[in-house]
Each structure stands twice: as C-alpha cells, then as structure tokens.
Amino acid sequence: MPTTYILLKYLHISCVALSGAGFVLRGAWMMLASPLLARRWVRITPHVLDTVLLASAIALALLIGQYPLVDAWLTAKVLGLVAYIILGTIALRRGSTRAIRITAFWSALLVFAYIVAVAMTKSALPHVG
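Residues numbered from 1 in each chain as written. Predicted model: local features only at pLDDT ≥ 70, side-chain atom pairs only at ≥ 80, totals over all residues. Heavy atoms only, no water.

**Quick word on helix H2 (residues 40-64)**
Helix length check: H2 (25 residues) gives 37 Å between terminal C-alpha atoms against 36 Å at 1.5 Å per residue, within 8%. Of the positions making up H2, those classed as buried are Val 42, Pro 46, Leu 49, Leu 53, Ser 56, Leu 60 and Ala 61. Residues of H2 that are buried make contact with helix H1 (3-31). With its phi angle positive at about 70°, Gly 65 sits one or two positions after the end of H2. (Helix = DSSP H or I, 4+ residues; strand = E, 2+ residues; numbered from the N terminus. Expected span 1.5 Å × (residues − 1). Buried < 20%, exposed > 50% of the residue type's maximum accessible area, 1.4 Å probe, protein only. Contact = heavy atoms within 4.5 Å.)

**What about helix H4 (residues 98-121)?**
With 24 residues, H4 should cover 34 Å at 1.5 Å per step; its first-to-last C-alpha distance of 35 Å lies within 8% of that length. Listed in full, the buried residues belonging to H4 are Ile 102, Ala 104, Phe 105, Ala 108, Leu 109, Val 111, Ile 115 and Val 118. Next to the buried residues of H4 lie H1 and helix H3 (72-94). Two residues or fewer after H4 comes Lys 122, characterised by a positive phi angle close to 55°.

Below you can see the structure in the form of structure tokens.
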C-alpha cells in the first residue's frame, strides 16, 4: 500500500479516536454541569480536530476512488455523520432539558459506534458478533 494512504488512514483513525473521546468527555461534563464545558479551548478544539478528520476522510475517498452516493458504505457513513452531528448538537448545546441532552448524548454514541462499525466492515449494514 502506498505510504500516503497509510499515513492518511492513521491520521483519520487517530482523529476519530480523539474526536470520540472528546465527545465522551464533553458529554460527561454536560451531565455533571461542569464549568469546564464553557472553556474556550473546549469549544474550539473539537472544530479543529473535526476539520482534520473531515479533510482526511475526503482525501482517503479520493485516494481509494470510493465516494458517497456511489458506494453504499460511504453513503451510510455520511448519513451517520449527519445524524451524529445533529444529536451531538442537541446533547451539548441545543437540548432544552437535561433529559433531552442526555438522551441525545447516548443516541449520538450509538450512531458513533455504527459509523465505526460501517468503516471497519465496509458494509452499510454491519452485523454484530
């Protein structure tokens, strides 16, 4: 495999792990009503990380010649990403009650797990076990 592909893949996977861990941390802070959630770096870092994540995803898609709306597994990842972003926004900012934010948080984590499963199996309908 070309070195560029391997480097991009590991960059992408690293960003996925950091983004997911950051979301879990911010979700925990949300549930604890921690003032840390309002810190400037906590608001900015996810945007920088997710920009690198998206850029690496686009570069990988171009490099391997597989595209959303053409390849079902990538379409599933993109649709999952949209759902994850919407649920994450509800969980961390837009949810009108704590219960709604917590429900959206756990739902976003389930969608995150689905996106990872799709990526690992390259199937829009990954099976468990």
